[in-house]
Amino acid sequence: MPDLNIAAIAAGYGAADVLHGVGLDLPAGGRVALVGSNGAGKTTLVKTINGLIAARAGAVRWDGQEITRTRPHDRTRLGIATVAEGRLLFPDCTVEENLVAASTHGAAKARREETKAEVFDLFPRLRERARQRAGTLSGGEQQMVAIGRALMTRPRLLILDEPSIGLAPKVVAEIFAVLAALSARGMSLLLVEQNIQLSLRSVDYAYVLQQGRLVLEGPAADLLADRQVRAAYLGQ
Amino acid sequence: MVTFDIFAQAVVSGLANGAIYALVAVGLTLVFGVMRIINFAHGEFLMIAMYAGYFAWALAGIDPVLAIFIVTPLLMLIGVLLYDGIIRRALAAPEINQMAVTLGLSLLLQNLALMTFKGDNLLIPLARATESIAIGPALLQLPQAIAALASLLLIAALWLVLRLTDFGIMMRAVAQSRDGAVLCGIGLGAVYRWALCIGIGTLGITGPLLASTLYVNPHVGALFTLKAFVIVIAGGLGNFGGALLGALLVGLAESIAGAWFSASIAAAVPFALLIVAMLWRPEGLIARRVAR
């Protein structure tokens, strides 16, 4: 029984559908990548999972419960956290305030100090920058705040939309090391990336999205190894 | 000829007025910052608070300073009802429709007040209105001093709440990134409701205190809405510090222009200031990175 199950999702903006019947499974504690070129619909799929846009057809199920119509902040409270594309930080708030903002409800609030200490252990640089306004940080540090903020909600699933974009390789390596550590602790990961090599190396299973349809799926190692697949779908 | 004493008097009265404007403007800017809705009826809620203060005194003999504790909860309740009854339904509508809604509400409330209370000017004639505090060579009427002080204290309290409490951080988070806040598990509805509750509720303090220094009539609010707009736009929409600075500047400029030239010129000063501010710093007096 998968933890996250998406079935036959259609969704989009305005009159046009971006996604045409997309399905995806993510087992508890699993690591799944969603890859595809720009405009394939990856971010749209992320938004139908976290609820920022409503699915027009199909179902999103989480932990055996249908959440297709659940409001986005309630989905966060159910354990689905998103590190959004563009990060969506609160730039005029300090790093610490950004973390606090994500722990104002239920268990996340009760365990705020504990989680904050965990986040600071994962990203020691954030502890140094705790009192600095998020908008003044470097891109890599902002990405760390975004991940830390998502962790403050005490999720079971972390969705990351383009976490490596625009960052120096050293910072990307640092962030992916943290993701590996989180996965080792049992966190489910859904990784959305344009950097296909990187994402396929970091996950167990991958889906390839093209023009709003899933065109391929399989164990990440198989996709990486298959030259034809790489040529046809992964642009290599 | 403007002597130093007259100038000093103008500065003191101007700052006192500015402090009162500031609280009105802060309520407006809070609602805008959080909800991105321009509440053209803001001044009408001030008008209602002034009437409430007036009738608390006229019917029950309640001193305006005490009436605050009745009128503020009343205004907070009105803020909540405004959200659930009207604003919530207009949130998904285009901005122009939202403006039409609050503008319509403003006209409706003015005319309801005119029907209910007639157009008479009402004032709470307090015994202490004849008492003044000397500030250097200038004098400040006691009721005005109380209103100014209360405004500044409340602004300071609001600022602390926004800085230090979870509740304040949630409001600021929503103001800076709606989607970011939602993904943090923050429910927008609750935050919007509280923003209107507090934004309108602050007028419950200004209203009764103002009713002893300024005539209440059905149109008194419109004047404040206009000035508050000038202040809020000049200070940068949604910017707290900008609103305070803008309010003090508008109060000062108005009062000094009144001393120098005439009352009719003084009335034009806020709008002249707005034009200058827009030309000089279109992003607001205190520059702020735009969050969206």
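So, here is what we can say about the structure in this document. No experiment lies behind these values; they were computed from the predicted model shown.

Rules of the game
Residues numbered from 1 in each chain as written. Chains lettered and ligands numbered in written order. Predicted model: local features only at pLDDT ≥ 70, side-chain atom pairs only at ≥ 80, totals over all residues. Heavy atoms only, no water. Helix = DSSP H or I, 4+ residues; strand = E, 2+ residues; numbered from the N terminus. Rg over C-alpha atoms; globule rule 2.2 N^0.38 Å. Contact = heavy atoms within 4.5 Å. Areas by Shrake-Rupley, 256 points an atom, 1.4 Å probe, with all protein chains shown as cover. Buried < 20%, exposed > 50% of the residue type's maximum accessible area, 1.4 Å probe, protein only. Pairing = 2+ DSSP bridges. Axes fitted to C-alpha atoms, helices over the stretch in contact; angles between N-to-C directions. Parallel < 35°, antiparallel > 145°, perpendicular 65-115°, else oblique. Bend = angle between axes of the 7 residues up to and from the residue. Polar contact = N/O pair within 3.5 Å; in protein donor to acceptor, adjacent residues only side chain to side chain. Core = buried A, V, L, I, M, F, W, Y, C linked by side-chain atoms within 4.5 Å.

A few points about the overall build of chain A
Alright, step 1. Helix and strand counts for chain A come out as 11 helices and 10 strands.
Alright, step 2. Compactness check: chain A gives a C-alpha radius of gyration of 17 Å against a globular reference of 18 Å for 236 residues, within 12% of the reference.
Alright, step 3. The principal-axis extents of the C-alpha atoms in chain A amount to approximately 50 × 40 × 35 Å.
Alright, step 4. Residue pairs at least 24 apart in sequence account for 67% of intrachain contacts in chain A once pairs closer than 6 positions are excluded.
Alright, step 5. For chain A, the accessible area works out to roughly 9800 Å², and carbon and sulfur atoms hold 50% of it.

Brief notes about the pairing of strand β6 (residues 80-83) of chain A
All names here are of chain A.
Alright, step 1. Burial of β6 is two-sided: the residues I80 and T82 facing one way and the residues A81 and V83 facing the other way are all buried.
Alright, step 2. Across 4 bridges, the pairing between β6 and strand β7 (residues 157-161) is parallel. The partner of I80 across the bridge, within β7, is L157.

Structural notes on the packing of helix α1 (residues 4-35) of chain B against helix α6 (residues 166-176) of chain B
Residue and element names in this part refer to chain B.
Alright, step 1. Two elements in contact, α1 and α6, have axes separated by 6 Å at closest approach and are oriented at 60 degrees. Viewed along their axes, α1 and α6 adopt a mutual orientation that is oblique. Along the contact surface, α1 presents L30, G33 and V34, while α6 presents M171, V174 and A175.

What about helix α3 (residues 64-90) of chain B?
Residues and elements named next belong to chain B.
Alright, step 1. Taking the largest bend as the criterion, α3 deviates by roughly 45 degrees, centred on Y83.
Alright, step 2. Listed in full, the buried residues belonging to α3 are P64, A67, I68, V71, T72, L75, G79, L82, Y83, I87 and A90.
Alright, step 3. On its buried face, α3 is in contact with α1, α2 (42-60), α4 (95-117), α8 (188-201) and α9 (203-210).
Alright, step 4. Put simply, D63 is the residue that caps the front of α3, since its side-chain oxygen is 2.9 Å from the backbone nitrogen of V65.

Observations concerning the nonpolar core
Alright, step 1. L158 of chain A together with M35, F45 and I186 of chain B are the most contacted members of the largest nonpolar core, which totals 121 residues.
Alright, step 2. A total of 12 residues in this core trace back to one element, the largest contributor, which is α1 of chain B.
Alright, step 3. When neighbours within four sequence positions are excluded, M35 of chain B is seen to be in contact with Y83, I87, L91, R178, Y192 and L196 of chain B.
Alright, step 4. Listed in part, the 26 residues of the second largest apolar core include I9, V22, V60 and V192 of chain A.

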